Amino acid sequence: MTIIATKGTLDMAYPPFILASSAAALGWDVAIFFTFYGLSLLKRDLDLQVTPLGNPAMPMIMPKGSGWLSGRQIQLPTSVMANLPGFQRMASQMMKKGMAQKGVASIEELRELSIEAEVKMIACQMTVELFDWQRTDFVDEIDDWVGAAGFLPIAQKADVNLFV
């Protein structure tokens, strides 16, 4: 299986790592190609945020509070959420707290599980150059640094290809 990870937000970091680690646990050979903002998921220091911009289905659910407030959805349009100062950081902290309370693994934990399960981490070299990033910004466990032409032969041999 191959997965193409293109997004680097907190909510979009979960699908590639959950799918990859699950498939690897089933004995599948798995490779994730991290490109554009998805490449930030391989950085040593993660500060992932969730954003309501471009995410109209984003519910704002209170993870904690008094009995009547906990678990309730705040009815705010995403356009309003996006314009409130500090909202993105607050929403990110709320999501992380809610996930921890529900026993959901962190992105760091899922990334480590994927690495331990021998999921191949492939970094897009073009993106590294485009954003003027350095290889030292990233975790050591990256298996390869290639462009699209280097990744496509791997995808061609896969039975399952996913774009997230």
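Above this text is the structure in question.
The structure displayed is predicted, hence computed values, not measured ones. Counting restarts for each chain: residues are numbered from 1 in the order of the written sequence. Local features in this predicted model are restricted to residues whose pLDDT is 70 or higher, and side-chain atom pairs enter the listing and the counts only when it is 80 or higher, whereas totals over whole chains, interfaces and linings include all residues. Each side-chain value is worked out from all heavy atoms of the structure, with water and hydrogens disregarded.

Participant: Give a detailed account of the environment of S106, specifying residues and quantitative values.
Facilitator: Mapping S106 onto the fold places it in the loop between α3 (87–101) and α4 (107–116). A relative accessible area of 26% means that S106 is categorised as partly exposed. Residues S106 and A13, spaced 93 residues apart in sequence, show a C-alpha to C-alpha distance of 9.8 Å. Secondary structure is summarised from DSSP: a helix means a run of H or I of at least four residues, a strand means a run of E of at least two, and numbering begins at the N terminus for each. Relative accessibility under 20% of the residue-type maximum defines a buried residue, over 50% an exposed one, and the middle range a partly exposed one, all with a 1.4 Å probe and only protein chains included.

Participant: Pulling in residues and values, what's your account of the nonpolar core?
Facilitator: As a rule of thumb, soluble globular proteins bury nonpolar side chains together. Nonpolar cores are built from buried Ala, Val, Leu, Ile, Met, Phe, Trp, Tyr and Cys residues. Side-chain atoms within 4.5 Å join them into one set. Of all hydrophobic cores here, the largest spans 35 residues; its most connected members are I32 and F34. Listing elements by their share of this core, those giving two or more residues are β1 (2–5), α1 (10–25), β2 (31–34), α3, α4 and β5 (120–124). Broken down by element, the residue count for this core peaks at seven residues, all from α1. When checking whether two residues touch, look at their non-hydrogen atoms; a contact exists if any pair is within 4.5 Å. Filtering out sequence-adjacent residues up to four positions away, F34 remains in contact with A5, F17, L39, L41, L42, M121, I122, A123 and C124.

Participant: I'd love a proper account of the packing of α1 against α3, names of residues and values included.
Facilitator: Two elements in contact, α1 and α3, have axes separated by 10 Å at closest approach and are oriented at 40°. Between α1 and α3, the interaxial angle falls into the category oblique. Within the contact between the two elements, α1 uses L10, D11 and Y14 and α3 uses S92, M95, K96 and M99. Between the N-to-C directions of two axes lies an angle of 0 to 180 degrees, each axis being a line fitted to C-alpha atoms and, for a helix, fitted only over the stretch in contact. Here the word oblique covers every angle except those under 35 degrees (roughly parallel), over 145 (roughly antiparallel) and from 65 to 115 (roughly perpendicular).

Participant: Talk me through the sheet that holds β2; I want residue IDs and the actual numbers.
Facilitator: Only strands that DSSP links by at least two bridges are regarded as paired with each other. Spatially, five strands are ordered β6-β5-β2-β1-β7 in an open sheet, and the strand pairing comes out parallel. Only two strands of the sheet have a single partner each, and these edge strands are β6 (144–146) and β7 (161–163). Sheet twist, expressed as the average angle between the axes of neighbouring strands with direction ignored, equals 20°. Taken together, the four bridges between β1 and β2 define a ladder with parallel strand orientation.

Interpretation in functional terms is not warranted from these geometric data alone.
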